[in-house]
Amino acid sequence: MKGFKRRTKAKKLSYKSVKIRLIIFSALAAALLVISIIAPLIEPNDPYATNAAHMRQGPGPEFIFGTDSLGRCVYSRVLAGAFTSIFSSLFLVAVSFFGGSIIGLICGFYGGIVDAILMRITDALLAFPQMVLAIAVAGVLGGNLTNALIAIGITSWTLYARLARGQTYSMKNETFIQALKLNGVSNGRIMFGHIFPNIFRPLLATACTQIGTTMIYISGLSFLGLGVTPPMAEWGSMINEARGYIQLTPWAVIAPSIAMLITILIFNFFGDAVRDMTEVRNER
Amino acid sequence: MGKFIGKRLLQLIFVLFAVSIMTFALMYIAPGDPAERKLTLRGEPINAETLEAEREKMGLNEPFAVRYFSWLGGVCKGDLGTSYADDTSVAGKIGKGLSYTLPLALSSLAVALAISLPLGILAAVYRNSVLDVIVQIFSFIGCALPNFLIATLLIYFLCIKQNLFPVIADNSFQGLVLPALSLAIPMCARFIKQFRSEVIEQLDKSYITGLRTRGVKENKVVFGNVLHNSSPAMITIAGLSIGTLMGGSVVIENIFRWPGIGKLVMDSITARDYPVVLGVVLVMAVVYVFINLVTDILYRVIDPRIDYGKQG
């Protein structure tokens, strides 16, 4: 076997290229958000109107992505589903990010028995495979979007709680915090006014990398019938509904699949760019 | 090392205890009356009398702690209770399911490792080459594809268009291929990404420059030093992925009608047969906890520099 060529050390991430990436993917992510918000205005047809006269029509001028087995316009449903898929995962990430961070902040700052109990709870929650617990909880509670979000949220906050706790722990003995304490600043003020802004960036970067994964989880539950309740438009459940007719209406499966792939890709790239940005900033 | 393992085992007992409480609590958050569900499932008449008799028989009138400990006592002896639907033992159902789930999970893990290890290493060594770019594109797309999407697309292109594989998996090798691939592809994409960055991190360290300046052959550097030093991280990555694999197998088994515990748990959720749901969740969590323990121990066997007195 021929030996490997020697490679010089790779360039460190350059600030400029990361910045360009961040701008591009922020813009794309923002575009997706705008599209999903104005979706009701740009849907050519009613995404929920069934029509026996247009059942299983292939893509054409009237229905760009064709119609499904109930005669609903697939293009309109993909647009309507964008809102459900994107905003439910953004909401879940935001709630677990703030909830988890605050819990971690309090644990790290006060330490002691509260900290010990909460950290053991996260240990126990992390002992379950996340999706298995989510499926069981959503299944037992009964399938709807709220329960699906609760089921995933049960474990997702632990990520931020652990991170925030570690960061707070190492920051609380720094001189400026000691100085604040000596000045009689209240604990609440120190935690949320001084520590939180300092640990906010890495936490936010982690949250951004989780958007795509959360979307996969939510759509997975919907696909299993444990997420949104039909006929609500959501990509995972649309794929599940159309799966049985894949021979007759492949476009009803392909269209939401591609929408989902593109959306998750954009949010993953966006998350990576935000994470790299925090790294590059720290090195500068 | 003995001290570390002892400490981890103590922690393990606590975690298993907490896991069992949480699993049992699942039964409590379920809306409705278990006795009523049991009678409904069996198609027996429901009235105040039969309900009360069933409640008494199931021990539902006992307080939470009594019910929990009697359940836990059974679990410790390997008795996971009986199914609401037909009074068969839950442990038996899970055992049967596992005999299907294990081959599926292990073969997909093996496929994922067989593809991602060489590709991840090559992509790292030949950084920024054409191969690296192609591998990275594959890995980005694979990370963004949910497993159910991969399964659906595989069925469409390989079963319906080409007629290569059966749509509903039978227990033959042919039936195993598609479910295993659907699980392996997203795993593979994640592995490649992580293995690649792990190898790159090692390659950029100064001891590698040192080895090269002393004229050590590049093959030896990569396969000897780099691989050896990145293997603990790789083992952790593979170990942690077992959790995702279990969640994925629930989805995939249901798509391909593969009669493993993933299909069992979904069928039981649909039928509201909660003892079975509890049993499967508990078994999966326990397996996951033990795999994490083994990975942790392996990590320290390979990399003894870690101070196990303080960490873990």
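Note that this is a predicted model, so its numbers are computed, not measured.

S.K.: Go over the overall build of chain A with me, naming the residues and quoting the values.
M.R.: Each helix and strand counted, chain A has 9 helices and 0 strands in total. When the helices and strands of chain A are listed from N to C terminus, the series reads α-α-α-α-α-α-α-α-α. Each principal axis of the C-alpha distribution contributes one length, and for chain A these read about 75 × 55 × 50 Å. The buried share among the 284 residues of chain A stands at 51%. When the accessible area of chain A is evaluated, it comes to approximately 13,100 Å², of which 64% is carbon and sulfur surface.

S.K.: So, unusual backbone geometry: which residues are in play, and what are the values?
M.R.: All names here are of chain B. Phi at asparagine 128 is positive, roughly 65 degrees, even though this residue is not glycine. Mapped onto the elements of the fold, asparagine 128 is located in the loop between helix 5 (90-125) and helix 6 (130-144). One non-glycine residue with positive phi stands out, namely arginine 257, at about 55 degrees. Mapping arginine 257 onto the fold places it in the loop between helix 10 (218-256) and helix 11 (261-271). On the accessibility criterion, arginine 257 (41% relative accessible area) is partly exposed.

S.K.: Describe the interface of chain B and chain A, and please don't skip the residues or the numbers.
M.R.: Tallying the contact residues gives 52 residues for chain B and 49 residues for chain A. Of the roughly 4,500 Å² buried between chain B and chain A on both sides combined, carbon and sulfur atoms contribute 77%. Applying the counting rule to chain B against chain A returns 1 salt bridge. Linking chain B to chain A there are 0 residue pairs in polar contact (both at pLDDT 80 or more). Counting only elements with at least two residues in the side of chain B that touches chain A, the list comes to helix 1 (2-29), helix 5, helix 6, helix 7 (147-161), helix 10, helix 11 and helix 12 (274-302) of chain B. Tallying contributions element by element places helix 10 of chain B first for the side of chain B that touches chain A, with 11 residues. Residues that form the side of chain B that touches chain A fall into these classes: 39 nonpolar, 7 polar and 6 charged.

S.K.: Outline the side chain of Ser219(A), listing residues and values.
M.R.: Residue placement: Ser219(A) occurs in helix 7 (residues 187-223). Assessed through its relative accessible area of 2%, Ser219(A) is described here as buried. In this structure the side chain of Ser219(A) is engaged in a polar contact, spanning 3.0 Å, whose partner is the backbone oxygen of Ile216(A). For Ser219(A), the residues in contact, after removing those within four places along its chain, are Glu234(A), Gly236(A), Met260(A), Pro146(B) and Phe148(B).

S.K.: Would you mind going over the packing of aromatic side chains in detail, with residue names and values included?
M.R.: According to the stated counting rule, one finds 17 aromatic pairs over all chains in the structure shown. Here Phe109(A) and Tyr110(A) contribute two aromatic rings whose centre-to-centre distance is 5.3 Å and whose plane-to-plane angle is 85 degrees, an arrangement assigned as edge-to-face. Accessibility expressed as a relative area gives 7% for Phe109(A), which makes it buried. The interplanar angle of 70 degrees and the centroid separation of 5.0 Å between the aromatic rings of Tyr156(B) and Phe157(B) together place this pair among those described as edge-to-face. For Phe157(B), a relative accessible area of 42% corresponds to the partly exposed category. An aromatic cluster is present here, built from Phe97(A), Phe98(A), Tyr160(A), Phe196(A) and Phe200(A) joined pairwise through their rings.

S.K.: Could you give an account of the nonpolar core, with specific residues and numbers?
M.R.: Of all hydrophobic cores here, the largest spans 161 residues; its most connected members are Ile135(A), Leu221(A) and Ile255(B). Per-element accounting of this core gives the leading share, 16 residues, to helix 7 of chain A. Every residue in contact with Ile255(B), bar those within four places of it in the chain, is listed here: Phe223(A), Arg243(A), Phe148(B), Ala151(B) and Ile155(B).

S.K.: Outline the packing of helix 4 (residues 130-141) of chain A against helix 12 of chain B, supporting the account with residue identities and numerical values.
M.R.: Two elements in contact, helix 4 of chain A and helix 12 of chain B, have axes separated by 10 Å at closest approach and are oriented at 165 degrees. Overall, the two elements helix 4 of chain A and helix 12 of chain B adopt an arrangement that is roughly antiparallel. Both helix 4 of chain A and helix 12 of chain B take part in a crossing whose hand is left-handed. Residue-level inspection shows Val132(A), Ala136(A) and Val140(A) of helix 4 of chain A in contact with helix 12 of chain B, the latter providing Tyr274(B), Val277(B), Val281(B) and Met284(B). Residues of the contact of helix 4 of chain A with helix 12 of chain B, tallied by class, amount to 7 nonpolar, no polar and no charged.

S.K.: Tell me about the pattern of salt bridges, and please be specific about residues and values.
M.R.: Scanning all chains against the criterion turns up 13 salt bridges over all chains. One salt bridge in this structure joins Glu241(A) and Arg72(A), with 2.9 Å as the shortest N-O distance. With Glu241(A) in helix 8 (residues 235-243) and Arg72(A) in the loop between helix 1 (15-42) and helix 2 (74-110), the pair connects residues that are 169 residues apart, well separated along the chain. Exposure remark for Glu241(A): the relative accessible area of 30% places this residue in the partly exposed category. By relative accessible area, Arg72(A) is classed as buried at 3%. For the salt bridge of Asp267(B) with Lys263(B), the shortest nitrogen-to-oxygen distance reads 3.0 Å. Of the two residues, Asp267(B) and Lys263(B) both sit in helix 11, 4 residues apart, roughly one turn of that helix. Given the relative accessible area of 35%, Asp267(B) is considered partly exposed. The network of salt bridges with common partners includes Arg21(A), Asp272(A), Arg275(A), Asp276(A) and Lys193(B).

S.K.: Describe in detail the packing of helix 7 of chain B against helix 8 (residues 173-203) of chain B, supporting the description with residues and values.
M.R.: All names here are of chain B. Packing of helix 7 against helix 8 brings their axes to within 9 Å, and their N-to-C directions diverge by 135 degrees. Considering their axes alone, helix 7 and helix 8 lie oblique with respect to each other. Judged by the sense of rotation from one axis to the other, the crossing of helix 7 with helix 8 is right-handed. Contacts between helix 7 and helix 8 involve Asn147, Ile150, Ala151, Leu154, Leu158 and Cys159 from the former and Leu178, Leu181, Ser182, Ile185 and Pro186 from the latter. Residue classes in the contact of helix 7 with helix 8 are distributed as 9 nonpolar, 2 polar and no charged.

Definitions and limits used
- Residues numbered from 1 in each chain as written.
- Chains lettered and ligands numbered in written order.
- Predicted model: local features only at pLDDT ≥ 70, side-chain atom pairs only at ≥ 80, totals over all residues.
- Heavy atoms only, no water.
- Helix = DSSP H or I, 4+ residues; strand = E, 2+ residues; numbered from the N terminus.
- Buried < 20%, exposed > 50% of the residue type's maximum accessible area, 1.4 Å probe, protein only.
- Areas by Shrake-Rupley, 256 points an atom, 1.4 Å probe, with all protein chains shown as cover.
- Contact = heavy atoms within 4.5 Å.
- Buried area = accessible area lost by both parts, 1.4 Å probe.
- Salt bridge = Lys/Arg side-chain N within 4 Å of Asp/Glu carboxyl O.
- Polar contact = N/O pair within 3.5 Å; in protein donor to acceptor, adjacent residues only side chain to side chain.
- Nonpolar A, V, L, I, M, F, W, Y, C, P; charged D, E, K, R; others polar.
- Phe/Tyr/Trp six-rings, centres within 6.5 Å; stacked < 30°, edge-to-face > 60°.
- Core = buried A, V, L, I, M, F, W, Y, C linked by side-chain atoms within 4.5 Å.
- Axes fitted to C-alpha atoms, helices over the stretch in contact; angles between N-to-C directions.
- Parallel < 35°, antiparallel > 145°, perpendicular 65-115°, else oblique.
- Left-handed = near helix turned anticlockwise from the far one by under 90°.

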